[in-house]
Structures are given as structure tokens and as C-alpha cells.
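# Structure assessment
Chain by chain, the residues:
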Amino acid sequence: MIPMLMRLKVSRNPKARGLLLPVFLVWILLFALMLVLLPFVLVAALITWPSGQGKWLLLTYPMLISVLFHLSGLHIEVEGRDENVLIAFL
Amino acid sequence: MSDERKKILDMLQKGKITVEEAEKLLAALVSPEETKSGVEKPACKYLKVIVEPGPQSEDRERVNIRVPIKLIRAGLKFAAFVPKHAHASINQALHEKGIEMDFNQFTQQDIEDLVSQLSDLTVEVEGKEKVRICCE
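Residues numbered from 1 in each chain as written. Chains lettered and ligands numbered in written order. Predicted model: local features only at pLDDT ≥ 70, side-chain atom pairs only at ≥ 80, totals over all residues.

The subject of this paragraph is the confidence of the model for chain A. Per-residue confidence for chain A gives a mean pLDDT of 89, with 100% of residues at or over 70. Helix 1 (residues 24–48) of chain A holds the highest mean pLDDT among the elements of chain A, 93, whereas helix 2 (residues 53–69) of chain A holds the lowest, 87. (pLDDT = per-residue confidence, 0-100. Helix = DSSP H or I, 4+ residues; strand = E, 2+ residues; numbered from the N terminus.)

What follows is the structure in C-alpha cells.
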């Protein structure tokens, strides 16, 4: 399942709760952009097909979507002396 | 329970196969490692990397990273995008780090094998900092 929310925290206080960002809005914009770029990607894939790169160009879309769909559960937390950073996809 | 087990048990329930046949089929599904231990290994979902300060360290930095295995698998597929002319540089860099591996021979199957074996991985290093890499 594609992550809908992202928890982001950049704070000096380790007990701070951070922000809950609605990343689904980013995905909507990204998918719209991918849709707009699709004809250009198809043309580029056709042009580069003889060199063998066209196949990989076509595979970019499913691979990118696969990465986005598996982002859920990614958790990166760094506690430093001065600052704490947390990025988590929910 | 895996799909194969469910199918076998369904077939048994419907009377398509006998108890003995179901037993044989179920036994065939169990890998030799599972047979030895007698316990089915739980699937590994996340790769965890934890870095904590050691007992003598004054440093208070902590790192806790949890990466879904499916994300690693999806990300590694991007290795196919590495241009062929860059393979020699990658091989050279690997050689300098003491890893004798030919990137040209690295196939999709190798990636699958590598990720599937991550469940057995546990690395623990205790020094100035405590580093633990494991699957959960």
C-alpha cells in the first residue's frame, strides 16, 4: 500500500512529536506529472529501442511505482547531541 | 499458512486426495532446513540498522533505521539502469574494497537470492559504538 502520511521531525527536543504530512498529495501531483510525461517517455523509448535502452526507459514507470508502493514502513531516526531527525512513512 | 498448504488441505477436505497423499505433499513442501529445526522460519519484513553509543562512549548519537525488505528488492531493480560503461568503474571500486565480484555477471536472480537470504543476516559490532544489523 502506498504511504498516505509521513511523519517528519527535526527538533532539538527528543520528546517533540513532529509533523504528520499528507504525502498522498505529493503522490497525486507526481502521478499527474508522470501522466503528462508519458508520451515523451514513449517517444524516447521508441527512439532508443535499437540501442537497448528503450526497454529500460519503459520499465522506469513500473519500477518507480513499485518503489513508491513499498515505501510504507520506512523509518529513519537519528538522535544527535544537538538535533533529532525522524522520517517515517505510514 | 502458505497457499500451497491451503490448497493441499482443501483437496483433502474435498476428498480429492487421501490423508497419506496429503501427508506426502505437505512433507514435500517442507525444506530440508525446516525439517532439521522443525520450526517454520518467519518471513523477514524489515532490515534494521541500529547504532548506539558504546558503554565507554561519551557520544550520545543514536541511529535507528528500518527499511522494508520489499523496498530493498524494488530499489535493487534499478541496478539494471547502470550504464554498461560504468561497470568497469564499479568493478574497480569493489576490487579496491576487497570485494572480488564482477558486476557484469550480477543478474536479477542474484538480487533475488541476495534479498531472500537477508533473513539470516545478523551483524553485531561492539566497539566505541554498538552497531546491530538484523532482520525482523
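It is worth spelling out the interface of chain A and chain B at this point. Contacts between the two partners involve 16 residues from chain A and, on the opposite side, 18 residues from chain B. Among the elements of the structure, helix 2 and strand 3 (75–79) of chain A are those that each provide at least two residues to the side of chain A that touches chain B. When residues of the side of chain A that touches chain B are assigned to their parent elements, the largest contribution, 5 residues, is made by strand 3 of chain A. The residue inventory of the side of chain A that touches chain B, partitioned by class, reads 7 nonpolar, 6 polar and 3 charged. Where strand 3 of chain A meets strand 2 (residues 62–68) of chain B, 5 bridges bridge the pair, whose relative direction is antiparallel. In the strand pairing of strand 2 of chain B, A:Glu79 is matched with B:Arg62. (Contact = placed C-beta atoms within 7 Å. Nonpolar A, V, L, I, M, F, W, Y, C, P; charged D, E, K, R; others polar. Pairing = 2+ DSSP bridges.)

To continue, consider the packing of helix 1 (residues 3–13) of chain B against helix 2 (residues 19–29) of chain B. Residue and element names in this part refer to chain B. Direction vectors running N to C along helix 1 and helix 2 enclose 175°, while the axes themselves pass 10 Å from each other. By the angle between their axes, helix 1 is roughly antiparallel relative to helix 2. Residues Glu 4, Arg 5, Ile 8 and Leu 12 of helix 1 pack against Val 19, Ala 22, Leu 25, Leu 26 and Leu 29 of helix 2. In terms of residue class, the contact of helix 1 with helix 2 is built from 7 nonpolar, no polar and 2 charged. (Axes fitted to C-alpha atoms, helices over the stretch in contact; angles between N-to-C directions. Parallel < 35°, antiparallel > 145°, perpendicular 65-115°, else oblique.)

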